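Observations on chain architecture
Chain by chain, the residues run as shown.
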Amino acid sequence: MIITDKLVYIHFPKSGGTFITVFLKKLYQEELIPAYNQKSYLSKLLSKKPYYIDYKINDAFNGIPFSRDNHNGISQIPKEHIEKQIFTTIRNPFEFYVSYYETKKWITNDTLTDTNILKLFPQFPNINFTEFLTFLDIYYFKKIVPQIIGIETPKEVGLYTALLIFLYCENPKSVFADISVTKDVKETEQIILKNISDKIQFVCFSDLRKNLYKFLAKYYDKKKLLFIFNAKSENVNKNREHEGWFSYYSEDSLKNVEKKDAVSITFYNKLCGKK
């Protein structure tokens, strides 16, 4: 999560977050308050200068292996910053899974030694994309997510949708509890959509530079933002198996994501249209 004097950025994984973090840091490099995090609470409140904080305190992941402290949700924004404009970037759910698969960041000491994973995939981490989707269900929904929320997760919810709840709902544990007791798909969708905070401005990942520039121009000098069009892309995998995301999916895996992430796909298409 990035916090500035004007905005709060929620980092949804594999949606341009590293690029935005680097861009904002460069934008603020001449105006940073030295050692801001060491200032007293009163000093922070009284300060009139612009500042930039790479906020990585994520209490939801305390004691959880493979924690990603930079992926804080709206529920974890410090109260002194909650009234600022909150924004995030949102990506096609199908592309998200492909991008995550290609990063290989899911290959960790924890996953390499997980007996349930190795039992199902003796060749792990050498798995194909379809197997990767199964791995996500085993590792995240039978191990990690239940540890965070304290209850079993609904089988019909995919990782993308879980992140949608974690990052964009003001009381994510309550949302998980509510959807765990309903078996109706439409009711599940209504619960999730109703709880996504209306305080968040969503910036579409497709054509990210243009969309981000248009959004940030409301808050910063446009001339200072122009370097976004020449800024270096971050975390770009040059060795993808296929150029387009569709080629990664079989008919069954496509239907699987369409079912588990139906609410997220609807939400994304409403915001950004089909890309």
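1. A short note on the overall build of the protein chain
Of regular secondary structure, the protein chain possesses 13 helices and five strands. Considering the protein chain as a whole, with its 275 residues, one finds that 48% of them fall into the buried category. Within the protein chain, counting contacts between residues at least 6 apart in sequence, those at least 24 apart form 69% of the total. For the protein chain, the exposed surface amounts to about 14,600 Å²; the carbon and sulfur share of it is 50%.

2. With respect to the pattern of salt bridges
Scanning the model with the defined rule gives five salt bridges in all. For Glu95, the salt bridge is made with Arg91, and the minimal N-O distance between the two is 3.5 Å. For Glu95, a relative accessible area of 26% corresponds to the partly exposed category. For Arg91, a relative accessible area of 8% gives the class buried. Residue Lys260 pairs with Asp137 through a salt bridge whose shortest N-O separation is 2.4 Å. Of this pair, Lys260 sits in helix H12 (residues 251-260) while Asp137 sits in helix H6 (residues 129-149), placing them 123 residues apart in sequence. A residue is classified by how much of its surface remains accessible, and Asp137, at 22% relative accessible area, is partly exposed.

3. A look at the nonpolar core
Counting residues in hydrophobic clusters, the biggest one holds 66 residues, and the most contacted among them are Tyr97, Phe132, Phe135 and Tyr249. Element by element, the count of residues in this core is highest for H6, at 13 residues. In this structure, Phe19, Leu24, Tyr52 and Leu216 belong to the second largest nonpolar core, which totals 22 residues.

4. Observations regarding the packing of aromatic side chains
In total, this model carries 34 aromatic pairs according to the counting rule given. The interplanar angle of 40° and the centroid separation of 5.4 Å between the aromatic rings of Phe124 and Phe135 together place this pair among those described as tilted. One end of the pair, Phe124, is in the loop between helix H5 (115-120) and H6; the other, Phe135, is in helix H6, with 11 residues separating them in the sequence. Like Phe135, Phe124 is buried. Measuring from ring centre to ring centre gives 5.4 Å for Phe215 and Tyr219, while their planes differ by 55°; the resulting arrangement is tilted. On the basis of relative accessibility, which here comes to 5%, the residue Phe215 falls in the buried class. A residue is classified by how much of its surface remains accessible, and Tyr219, at 26% relative accessible area, is partly exposed. In this structure, Lys6 is placed above the aromatic ring of Tyr220, and the distance from its NZ or CZ to the ring centre is 5.6 Å. A cation sits over an aromatic face here: Lys104 above Tyr101, 4.3 Å from the ring centre.

5. Some remarks on the packing of helix H7 (residues 159-168) against helix H8 (residues 172-180)
The geometry of H7 relative to H8 is characterised by a closest axis approach of 8 Å and an angle of 135° between their N-to-C directions. Relative to H8, the element H7 lies oblique. Here Ala162, Ile165 and Phe166 of H7 lie close against H8, whose contacting residues are Pro172, Val175, Phe176 and Ile179. Taken together, the residues that form the contact of H7 with H8 break down as seven nonpolar, no polar and no charged.

6. Topic: the environment of Asn256
Topologically, Asn256 is positioned in helix H12. Owing to a relative accessible area of 28%, Asn256 belongs among the partly exposed residues under this scheme. Through-space distance from the C-alpha of Asn256 to that of Thr130 is 10.0 Å; in sequence the pair is 126 residues apart.

7. So, the sheet that holds strand E3 (residues 52-54)
Two orientations exist for strands paired in a sheet by backbone hydrogen bonds: parallel and antiparallel. Spatial strand order, E3-E1-E2-E4-E5: five strands in an open sheet with mixed pairing. This sheet does not close on itself; its edge strands, each paired only once, are E3 and strand E5 (200-204). The sheet shows a mean angle of 20° between the axes of neighbouring strands, direction not considered. Bridging between strand E2 (residues 7-10) and strand E4 (residues 85-90) involves four bridges; their strand directions are parallel. Paired with Ile10 across the two strands is Thr88, which belongs to E4. Contacts from helix H10 (residues 208-216) reach E2, E4 and E5, with the element oriented near 150° to E5.

The rules behind these values
- Along each chain, residues carry numbers from 1 onward, in the same order as the chain's sequence is written.
- In keeping with the predicted nature of the model, local features appear solely for residues at pLDDT of at least 70, side-chain atom pairs appear and are counted solely at 80 or more, and the whole-chain, interface and lining totals rest on all residues.
- No hydrogens and no water enter the side-chain calculation; it runs on all heavy atoms of the structure.
- Helix and strand assignments come from DSSP, with helices taken as H or I runs of at least 4 residues and strands as E runs of at least 2, each series counted from the N terminus.
- Only protein chains enter the calculation, and the probe is 1.4 Å; a residue is then buried if its accessible area is under 20% of its type maximum, exposed if over 50%, and partly exposed in between.
- Note on contacts: a residue pair is in contact if any heavy atoms of the two residues lie within 4.5 Å.
- With residues, only the protein chains shown are counted as cover, and all accessible areas are computed by Shrake-Rupley using a 1.4 Å probe.
- Any Lys or Arg side-chain nitrogen located within 4 Å of an Asp or Glu carboxyl oxygen qualifies as a salt bridge.
- Note on terminology: a nonpolar core comprises buried Ala, Val, Leu, Ile, Met, Phe, Trp, Tyr and Cys residues joined through side-chain atoms within 4.5 Å.
- Pairing of aromatic rings covers Phe, Tyr and Trp, the last through its six-membered ring, and needs centres within 6.5 Å; plane angles under 30 degrees mean stacked, over 60 mean edge-to-face, and all others mean tilted.
- A positively charged side chain is recorded as over a ring if its NZ (Lys) or CZ (Arg) lies within 6 Å of the ring centre. The angle to the ring normal must also be within 35 degrees.
- Every axis in this analysis is a line fitted to C-alpha atoms, fitted for helices over the stretch in contact. Angles between the N-to-C directions lie between 0 and 180 degrees.
- Any angle that falls under 35 degrees is termed roughly parallel, while one over 145 is termed roughly antiparallel, one within 65 to 115 roughly perpendicular, and all others oblique.
- Residues are sorted three ways: Asp, Glu, Lys and Arg are charged, Ala, Val, Leu, Ile, Met, Phe, Trp, Tyr, Cys and Pro are nonpolar, and all the rest, Gly among them, are polar.
- Following DSSP output, two strands are said to pair if at least two bridges run between them.

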